[in-house]
Amino acid sequence: MTTEIAIVGGSLAGLAAATVLIRLGISVTVFEKFNGTFENRGSSLGYVNIPLWEHLSGRKMIRRGTQMHRYQGAFYYGDLWRFWYSGLPEGTVKFGHAVTDLGDDAHPTIDGKAYDAVILADGGWSSLRSKYITKKEPEYSGHVIYRCKVNKRDFPDFVSESAYHEGKFFSIALEVALDNGVDFIMGGVVVPIPEKDVARPTDALNRQTDWTVINEVPVWFLPHIRRTFGKHQQLVQWIEKAVNGPGKISSNPLFEFGADKVTSGKIILLGDAAHMASPSTAAGAHTGILDAAGLLEAFATFPGKENVGMAIANYAPGGLKRATDLYNRSKQVTHGLAYVPGDEKLYNPDGLGDVDKGKDEL
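Source: prediction; values computed, not measured.

Draft legend 1. Layout of the overall build of the protein chain. Of regular secondary structure, the protein chain possesses 9 helices and 22 strands. Here the C-alpha radius of gyration of the protein chain, 21 Å, is about what a compact globule of 362 residues would show, namely 21 Å. With respect to the principal axes defined by its C-alpha atoms, the protein chain has extents near 70 × 45 × 30 Å. Residues classed as buried in the protein chain amount to 53% of the 362 residues present. Counting only contacts in the protein chain whose residues sit at least 6 apart along the sequence, the fraction spanning at least 24 positions is 76%. Summed over all atoms, the accessible surface of the protein chain reaches about 15500 Å², with 51% contributed by carbon and sulfur.

Okay, here's the thing in structure tokens:
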């Protein structure tokens, strides 16, 4: 009989997991609570292990009609999502289908249907994780990321792709090449903000569709950017265009998470549900793909319905190690960027506090 596995969450790691399991002959259904595709959503990724993606998918990665490569530009989340989605059989992903209960972890069910296993790939704020796997919660990193996006046609002279460090302040700007021929300058600015001033995201949040404040920045933001990064003229101009238009800016408090347990019964944690890290690690999405590779190895080693428990047991040590390693790496990266009392005197010396809704009047 065919092994049947459900995956909750249809982002990169969830779709990569579906791909490798289907290639093993397993019947897979992906439940995604958002009611549409993600091909026009998300930000940039600076690193993609293209040979690994091609190995797991059995397909070539093509961008703009030729072999995908980093020299073309950084990678757009929406294009990468479409790569995995387009390789799945039609109907694999059930959009607009939230899952709030799995029944018994030893015999998981969704909507009354029994599955041989369920994979939770529903993000860093998974509500099912705390119900079935671990009570551990994400931790605030001590800073907020202001993500900036400007179409290259609106800043054609931009040639300053780089990471910028000024004291404890950090910014990165990447030129991102979309498959459709459009180029963007995308990246962000990190600001240490006390936890009392940020809103903790709610459970079951999807960071591709929720959890952003669009085109609103504190009135101290641009003065801080000019004062701190003023010697990097194009960087400042890019951020100004994101705030004032025609670009966009959004803000996200950064939380970190590393699961202390990645399996329970016939339920597995995968991707952000198992590990949520700073983008500065350049390894968050990559680790989710490594999780999919771990699934491939485990279920190929122990095939068949009767061996699902052994496959999950085989997956668990590697999955836990990846979650722990990424969490520790993220903590190392963000340690020097985290808020300490008094930092507000550096980025907001005048004590300004009102929100600037995308129009700079200074």
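Draft legend 2. Region of interest: the side chain of D116. You can see D116 is positioned in the loop between strand 10 (113-114) and strand 11 (117-120). On the basis of relative accessible area, D116 is assigned to the buried category, the value being 16%. For D116, the side chain forms a polar contact with the main-chain nitrogen of E4, separated by 2.7 Å. Only 2.8 Å separates the side chain of D116 from the side chain of K305, close enough to count as a polar contact. In contact with D116, not counting residues within four places along its chain, are T2, T3, E4, K266, K305 and V308.

Draft legend 3. Highlighting the nonpolar core. Counting residues in hydrophobic clusters, the biggest one holds 52 residues, and the most contacted among them are L102, I110, L120, F221, W238 and I239. Among the elements that make up this core, the one with the highest residue count is helix 6 (residues 233-244) (6 residues). Among residues more than four places away in sequence, those in contact with I110 are A6, V8, F31, V99, L102, Y115 and V118. With 44 residues, the next largest nonpolar core counts A13, L45, M61 and L295 among its residues.

Draft legend 4. Representation of helix 3 (residues 77-86) in the model. Most of helix 3 sits inside the fold, with 7 of its 10 residues counted as buried. Here helix 3 has its buried residues at Y77, G78, D79, L80, W81, F83 and W84.

Draft legend 5. Focus on unusual backbone geometry. Following G245, the chain continues to P246 via a peptide bond in cis, the omega torsion being 10°. Here the phi dihedral of R64 falls at roughly 55°; this positive angle occurs in a residue that is not glycine. When its relative accessible area of 37% is taken as the criterion, R64 is described as partly exposed. Residue A282 is not a glycine yet carries a positive backbone phi of 55°. Take A282: it is sitting in the loop between strand 21 (275-276) and helix 7 (284-301).

Draft legend 6. Quick look at the pattern of salt bridges. Overall, the coordinates contain 18 salt bridges when judged by the stated rule. Among the ionic contacts, a cluster of salt bridges with common partners joins E39, D79, R82 and D179.

Draft legend 7. Representation of the sheet that holds strand 20 (residues 267-269) in the model. Spatial ordering of the open sheet is given by 7-2-1-11-20-19, a layout of 6 strands whose pairing is mixed. Both outer strands of the open sheet, strand 7 (93-95) and strand 19 (263-264), are each paired with one neighbouring strand and no more. Inspection of the sheet shows strand 19 paired to strand 20 by 2 bridges, in the antiparallel sense. Within strand 20, the residue paired with T263 across the bridge is I268.

Draft legend 8. Structural view of the pairing of strand 9 (residues 107-110). Only one face of strand 9 is covered, namely the one carrying P108 and I110; the face carrying H107 and T109 has none of its residues buried. Relative to strand 9, strand 8 (residues 103-104) runs antiparallel, the two being bridged by 2 bridges. Residue pairing for strand 9: G103 is matched across the bridge by P108. The turn joining strand 8 and strand 9, which pair antiparallel and follow one another in sequence, is formed by 2 residues. Relative to strand 10, strand 9 runs antiparallel, the two being bridged by 2 bridges. Residue pairing across strands places I110 opposite K113, the latter belonging to strand 10. Here strand 9 hands over to strand 10 after 2 residues, with D111 in that stretch at a positive phi of 55°.

Draft legend 9. Layout of the sheet that holds strand 10. One open sheet holds the 3 strands; their spatial order is 8-9-10, and the pairing between them is antiparallel. Strands at the two margins of the open sheet, each flanked by one partner only, are strand 8 and strand 10.

Draft legend 10. Here's a closer look at the environment of V236. With respect to the helices, strands and loops of the structure, V236 is situated in helix 6. For the pair V236 and P194, spaced 42 residues apart in sequence, the C-alpha to C-alpha distance is 24 Å. Once residues within four sequence positions are removed from consideration, V236 is found in contact with I225, R226, F229 and G230.

Draft legend 11. Inspection of the pairing of strand 14 (residues 169-177) at higher detail. For strand 14, a buried count of 7 out of 9 residues is recorded, marking the element as mostly surrounded by other parts of the structure. Hairpin connection of strand 13 (residues 162-166) to strand 14: 2 residues between the antiparallel strands, including G167 at a positive phi of 65°. One ladder, built from 8 bridges, connects strand 14 with strand 15 (residues 183-192); its direction is antiparallel. Counted as the bridge partner of E175 is I185 from strand 15. As consecutive antiparallel partners, strand 14 and strand 15 are separated by 5 residues, and within that stretch G181 has a phi angle of approximately 95°, a positive value.

Cut-off values and rules
Residues numbered from 1 in each chain as written. Predicted model: local features only at pLDDT ≥ 70, side-chain atom pairs only at ≥ 80, totals over all residues. Heavy atoms only, no water. Helix = DSSP H or I, 4+ residues; strand = E, 2+ residues; numbered from the N terminus. Rg over C-alpha atoms; globule rule 2.2 N^0.38 Å. Buried < 20%, exposed > 50% of the residue type's maximum accessible area, 1.4 Å probe, protein only. Contact = heavy atoms within 4.5 Å. Areas by Shrake-Rupley, 256 points an atom, 1.4 Å probe, with all protein chains shown as cover. Polar contact = N/O pair within 3.5 Å; in protein donor to acceptor, adjacent residues only side chain to side chain. Core = buried A, V, L, I, M, F, W, Y, C linked by side-chain atoms within 4.5 Å. Salt bridge = Lys/Arg side-chain N within 4 Å of Asp/Glu carboxyl O. Pairing = 2+ DSSP bridges.

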